[in-house]
Amino acid sequence: MIENYKESFEKIRSAGIIAAGALDEVSKIIRPGLRTEEIDKICYEYIKDHRAYSAPLFYRGFPKSCCTSTNHVVCHGIPSNKILKEGDIINVDVTAIKDNWHGDTSRTFEIGEVSVKAKKLVKTTYEALMKAIEIIKEDIHLGDIGATIQNHVETEGFSVVQDFCGHGIGQSFHEEPNILHYGKKGTGQKIKAGMIFTIEPMINIGNYETKTLNDGWTAVTKDKSLSAQFEHTIGVTKDGYEIFTLSKK
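Definitions and limits used
Residues numbered from 1 in each chain as written. Predicted model: local features only at pLDDT ≥ 70, side-chain atom pairs only at ≥ 80, totals over all residues. Heavy atoms only, no water. Pairing = 2+ DSSP bridges. Helix = DSSP H or I, 4+ residues; strand = E, 2+ residues; numbered from the N terminus. Axes fitted to C-alpha atoms, helices over the stretch in contact; angles between N-to-C directions. Buried < 20%, exposed > 50% of the residue type's maximum accessible area, 1.4 Å probe, protein only. Polar contact = N/O pair within 3.5 Å; in protein donor to acceptor, adjacent residues only side chain to side chain. Contact = heavy atoms within 4.5 Å. Expected span 1.5 Å × (residues − 1). Core = buried A, V, L, I, M, F, W, Y, C linked by side-chain atoms within 4.5 Å.

Chemist: What is the right way to read the sheet that holds strand β12 (residues 219-221) from this model?
Modeler: Consider a sheet: its strands pair through backbone hydrogen bonds, and that pairing is either parallel or antiparallel. Strands sit in the order β3-β12-β11 across an open sheet of 3 strands; the sheet is antiparallel. The strands lining the two open edges of the sheet, one partner per strand, are β3 (73-75) and β11 (210-212). Going from strand to strand, the sheet's axes swing by 40° on average, the running direction of each strand aside. The sheet contact formed by β3 and β12 spans 2 bridges and is antiparallel.

Chemist: Is there a simple way to explain the side chain of Ser225 in this structure?
Modeler: One can find Ser225 in the loop between β12 and β13 (227-229). For Ser225, a relative accessible area of 12% gives the class buried. A distance of 3.1 Å separates a polar atom in the side chain of Ser225 from the backbone nitrogen of Gly206. With near-sequence residues (within four places) excluded, Ser225 lies in contact with Asn71, His72, Asn204, Ile205, Gly206 and Asn207.

Chemist: It is not clear to me how the sheet that holds β13 should be interpreted in this structure. Could you clarify?
Modeler: Ordered in space as β6-β10-β13, the 3 strands form an open sheet in which the pairing is antiparallel. Where the open sheet ends on each side, the last strands, each with one partner, are β6 (159-160) and β13. Bridge count for strand β10 (residues 202-204) against β13 is 3 bridges, and the pairing is antiparallel. The residue bridging Ile203 from the neighbouring strand is Ala228, located in β13. Along the sheet, helix α3 (residues 116-134) makes contact with β10 and β13, crossing β13 at roughly 35°.

Chemist: Looking at this structure, how should I read helix α4 (residues 142-155)?
Modeler: The terminal C-alpha atoms of α4, which comprises 14 residues, lie 21 Å apart, in line with the 20 Å expected from a rise of 1.5 Å per residue. Within α4, 11 of the 14 residues are buried, leaving the element largely enclosed by the surrounding structure. Structurally, α4 contributes buried residues whose contacts are with α3, β6, β8 (175-179), β9 (196-199) and β10. Of the residues trailing α4, Gly157 is marked for its positive phi of about 90°.

Chemist: What am I meant to see in the pairing of strand β4 (residues 89-98) here?
Modeler: Within a regular strand, side chains alternate between the sheet's two faces. The buried count for β4 comes to 9 of 10 residues, which makes it a mostly enclosed element. Relative to β4, strand β1 (residues 53-54) is paired through 2 bridges, and the arrangement is antiparallel. Residue pairing across strands places Ser54 opposite Ala96, the latter belonging to β4. Note that strand β2 (residues 67-70) and β4 share 4 bridges and pair antiparallel. The residue of β4 that forms the bridge with Thr70 is Ile90. When β4 meets strand β5 (residues 101-110), the two strands line up antiparallel, connected through 10 bridges. Bridge pairing in β5 links Ala96 to Gly103. From the end of β4 to the start of β5, which pair antiparallel, there are 2 residues, and Asp99 there has a positive phi angle of about 50°.

Chemist: I'm lost on the pairing of strand β14 (residues 232-236) in this one. Help?
Modeler: In terms of burial, β14 is largely enclosed, as 5 of its 5 residues are buried. On β14, burial covers both faces: His232, Ile234 and Val236 on one face and Thr233 and Gly235 on the other are all buried. Note that β14 and strand β15 (residues 241-243) share 3 bridges and pair antiparallel. Its bridge partner lying in β15, Gly235 is registered against Glu242.

Chemist: Help me understand the nonpolar core, please; the structure alone is not making it clear to me.
Modeler: Taken as a class, soluble globular proteins show a tendency for nonpolar side chains to be buried jointly. By size, the foremost hydrophobic cluster in this structure holds 29 residues, and its most contacted members are Ile136, Ile145, Ile149, Ile191, Phe197 and Ile199. Where this core is concerned, the elements lending two or more residues are α3, α4, β9 and β14. If you tally residues by element for this core, the top one is α3, at 8 residues. Excluding residues that lie within four positions of it along the chain, Ile191 makes contacts with Ile136, Lys137, Glu138, Asp139, Ile140, Leu142, Phe197 and Val236. With 20 residues, the next largest nonpolar core counts Tyr46, Ile47, Cys66 and Ala96 among its residues.

Here's what the structure looks like:
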């Protein structure tokens, strides 16, 4: 067990609330006709107004305050003058730094009326995240998290992206351990109270393979099939878990 984790939980809780609040603001205005750079502006302003800082901005050269990943973009999409259309799905990924602690979360939004298949993909991805969180407690294995996600997703006929994973988080944006979203039950290290990490499954309608575009950031599905993602930052407690990035809505 990591000693005195209540203090670190209190600090990361503040960052998580701000990150979740930014996505709540996005949910109020997201619609067909909106440019993804407008989403970025909303996230930047909300986080700044809450005396925090957007972690992605200039992180390893990333040019914006959030990631906007539309349709077949798996993750790390760069906000631009791209206009959202009826039927699109878009993941918005934000990370707030408050007093040097990071809160990281993402949601996939449906733009207007989406296809039945897209709606099922979004629903399944969220379910996979929450099913994985619900098993969190001391002494389960990291592989249990991946197995829970993979089993649910593949039962629904979708695939789990393997090129990207969740991660430890705290005073650094990305820390050990890596949290794979696929795997076998009973494998990997055991988790302990005080650990803080993200779970952020990326789920594709088609094949799980991805490629990164020439901008060095935007990851897309190789077969151009739709992809969805949800993410929470969670902490392991003596009794189970705490989600730091829950929406207040």
